[in-house]
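Summary of the model geometry
The primary structure of each chain is shown beneath.
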Amino acid sequence: MGCLFCYGGDSSAKKSAKDKRKTITSSSDKVVPKKDLKILSYNVWFAESVELRIRMRAIGDIIQLHSPDVICLQEVTPDIYAIFQKSNWWKSYTCSLSSHTRPYFCMQLSKLPVKSFGCEPFSYSSMGRELCIAEVLARGGDTSSLVVATTHLESPCPGPPKWDQMYSKERVKQANEAVDFLKKNTNVIFCGDMNWDEKLDGEFPLADGWIDAWTELNPKEVGWTYDTKANPMLFGNRKLQKRLDRFLVSLSDYKVECIEMVGTEAIPQVTYMKEIKGGKELELPVLPSDHFGLLLSVTAL
């Protein structure tokens, strides 16, 4: 989601973004083909006041448990970046960023050989949003490279005076720009916090041959990744149940096998105090994030 501290700007944000993203060219070393791949997408929640180190440790435990080949994270802050960088699992991955200058950002990590990391700013974003792209080598050559992209589309930010700043028009435009940019590739996995709401935004603009992995694999499950009922850490918030996080894919050399939510359980013996209306405080459980993460598994054909 991401409306806790939206930072201002317009399309000029793409000129001022100074995150240093690595450009890595593939070596002549042989790439050992992998048949099964796992990709994790997770909005890690930039609320640093809510047990930050414990939550990030829990996300690290999820990473170690599932050992995803590629990780796509949203709402990473400089402090979160620093915590992850000191984690034991970090050394197994190549990171898309070597430095950062913004309050929060997207980040990608790969266990697979990386041909390149890149960043494509959207034509307009008042929140500095962009499309992050990793081209990885999973099957032994450039012709079979896999493009994994992530983003955090414009967040709805209802607030005074009219409580109507939902940014639907901007979000739809960004989604179209992202798909148009990615659709030229043979194998694409596009994931992230889309902040998507069909009631406001309509159907997600998929190109021909693209599928929504969740609705394809779990057609009978709603798949809410932001759920104030299922996530007890959010008790006291206004009711909101949305499938904000998604995997959109177009694959010629792979097939989607399964998709599951992660980070759905409270961290044992950890609570925090939350102030609600009337100045009352509630003691609530702590989960790794306000979003649930998504883990996609694909298999080479």
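Everything below is about the structure printed above this text.
Residues numbered from 1 in each chain as written. Predicted model: local features only at pLDDT ≥ 70, side-chain atom pairs only at ≥ 80, totals over all residues. Heavy atoms only, no water.

Looking only at helices and strands, one finds 6 helices and 18 strands in the protein. Classification of the 301 residues of the protein by burial places 53% in the buried group. Here the analysis covers contacts within the protein between residues at least 6 apart in sequence; of these, 74% occur between residues at least 24 apart. (Helix = DSSP H or I, 4+ residues; strand = E, 2+ residues; numbered from the N terminus. Buried < 20%, exposed > 50% of the residue type's maximum accessible area, 1.4 Å probe, protein only. Contact = heavy atoms within 4.5 Å.)

Reading across from one edge, β7-β8-β9-β10-β14-β11 is the order of the 6 strands in this open sheet, with mixed pairing throughout. Two strands bound the open sheet, and with one partner strand each, they are β7 (114–121) and β11 (211–212). Note that β11 and strand β14 (residues 245–250) share 2 bridges and pair antiparallel. The residue bridging I211 from the neighbouring strand is V249, located in β14. Sitting on the sheet, helix α4 (residues 168–182) is in contact with β7, β8 (130–136), β9 (146–152) and β10 (188–193), with an inclination near 25° to β8. (Pairing = 2+ DSSP bridges. Axes fitted to C-alpha atoms, helices over the stretch in contact; angles between N-to-C directions.)

Attention now moves to the packing of helix α2 (residues 52–66) against helix α3 (residues 78–85). Running from N to C, α2 and α3 cross one another at 50°; their axes reach a closest spacing of 10 Å. It follows from the interaxial angle that α2 and α3 lie oblique. Between α2 and α3 lies a crossing whose hand is right-handed. Across the interface between the two elements, L52, R53, M56 and I59 from α2 touch D79, I80, I83 and F84 from α3. Looking at the contact of α2 with α3 residue by residue, the classes come out as 6 nonpolar, no polar and 2 charged. (Parallel < 35°, antiparallel > 145°, perpendicular 65-115°, else oblique. Left-handed = near helix turned anticlockwise from the far one by under 90°. Nonpolar A, V, L, I, M, F, W, Y, C, P; charged D, E, K, R; others polar.)

Once that is clear, we can look at the side chain of D201. Relative to the helices and strands, D201 resides in helix α5 (residues 198–201). Exposure remark for D201: the relative accessible area of 9% places this residue in the buried category. A distance of 2.9 Å separates a polar atom in the side chain of D201 from a polar atom in the side chain of R171. Excluding anything up to four places from it in sequence, D201 contacts S168, R171, V172, N195 and W196. (Polar contact = N/O pair within 3.5 Å; in protein donor to acceptor, adjacent residues only side chain to side chain.)

By the definition in use, this model includes 9 salt bridges. Two residues, K183 and D180, come together in a salt bridge whose shortest N-O distance is 3.5 Å. Relative accessible area serves as the criterion here: at 46%, K183 is assigned to the partly exposed category. According to the relative accessible area criterion, D180 is partly exposed, its value standing at 45%. Note that D197 and K242 form a salt bridge whose closest N and O atoms lie 3.2 Å from each other. Taken together, the residues span a long stretch of sequence, with D197 in the loop between β10 and α5 and K242 in strand β13 (residues 241–242) at a distance of 45 residues. A relative accessible area of 18% places K242 in the buried class. (Salt bridge = Lys/Arg side-chain N within 4 Å of Asp/Glu carboxyl O.)

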